[in-house]
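# Observations on chain architecture
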Amino acid sequence: MGKHDWRDAALCKDWHEPNDFFENFENDEEPFDLRQEITNMCLSCPVRRRCIMIPLAEDSYGYNVSGVYAGMYYENGEIKPELNEHVDRAGWAGRMLND
């Protein structure tokens, strides 16, 4: 199995608009429910624990990622609070730890 084969099982793999995880997620013009829909999908994704490792690992190597990973929006390797206001932090943490 290759290094990134786990991504084949990601629910976002076939999402119709990849920019919804990046620029569109940031856009104030986008409906609030886009962010919630993406977060809900991420929280039910079977590979969410692998996905959350991307911003954590990249930061340790000196790279700063931006975008949605495991249901949270990161900018320059850090969680961006104003784009994650819709996220129930306790629920998110629970989903990261449990199936």
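Summary of the structure given here. Predicted, not measured: the structure shown is a model, and the values here were computed from it. (Residues numbered from 1 in each chain as written. Predicted model: local features only at pLDDT ≥ 70, side-chain atom pairs only at ≥ 80, totals over all residues. Heavy atoms only, no water.)

### What to know about the pattern of salt bridges
- Across all of its chains, the model carries three salt bridges by this definition.
- For E75, the salt bridge is made with K80, and the minimal N-O distance between the two is 3.0 Å.
- Judged by its relative accessible area of 18%, K80 falls in the buried class.
- In this structure, E82 engages K80 in a salt bridge whose closest nitrogen and oxygen atoms are separated by 3.9 Å.
- For E82, a relative accessible area of 44% corresponds to the partly exposed category.
- By sharing partners, the salt bridges in this structure join E75, K80 and E82 into a single network. (Salt bridge = Lys/Arg side-chain N within 4 Å of Asp/Glu carboxyl O. Buried < 20%, exposed > 50% of the residue type's maximum accessible area, 1.4 Å probe, protein only.)

### Description of the environment of A10
- In this fold, A10 is placed in the segment before α1 (23-26).
- Given a relative accessible area of 12%, A10 falls into the buried group.
- Spatially, the C-alpha atoms of A10 and C51 are 8.6 Å apart, while their sequence positions differ by 41 residues. (Helix = DSSP H or I, 4+ residues; strand = E, 2+ residues; numbered from the N terminus.)

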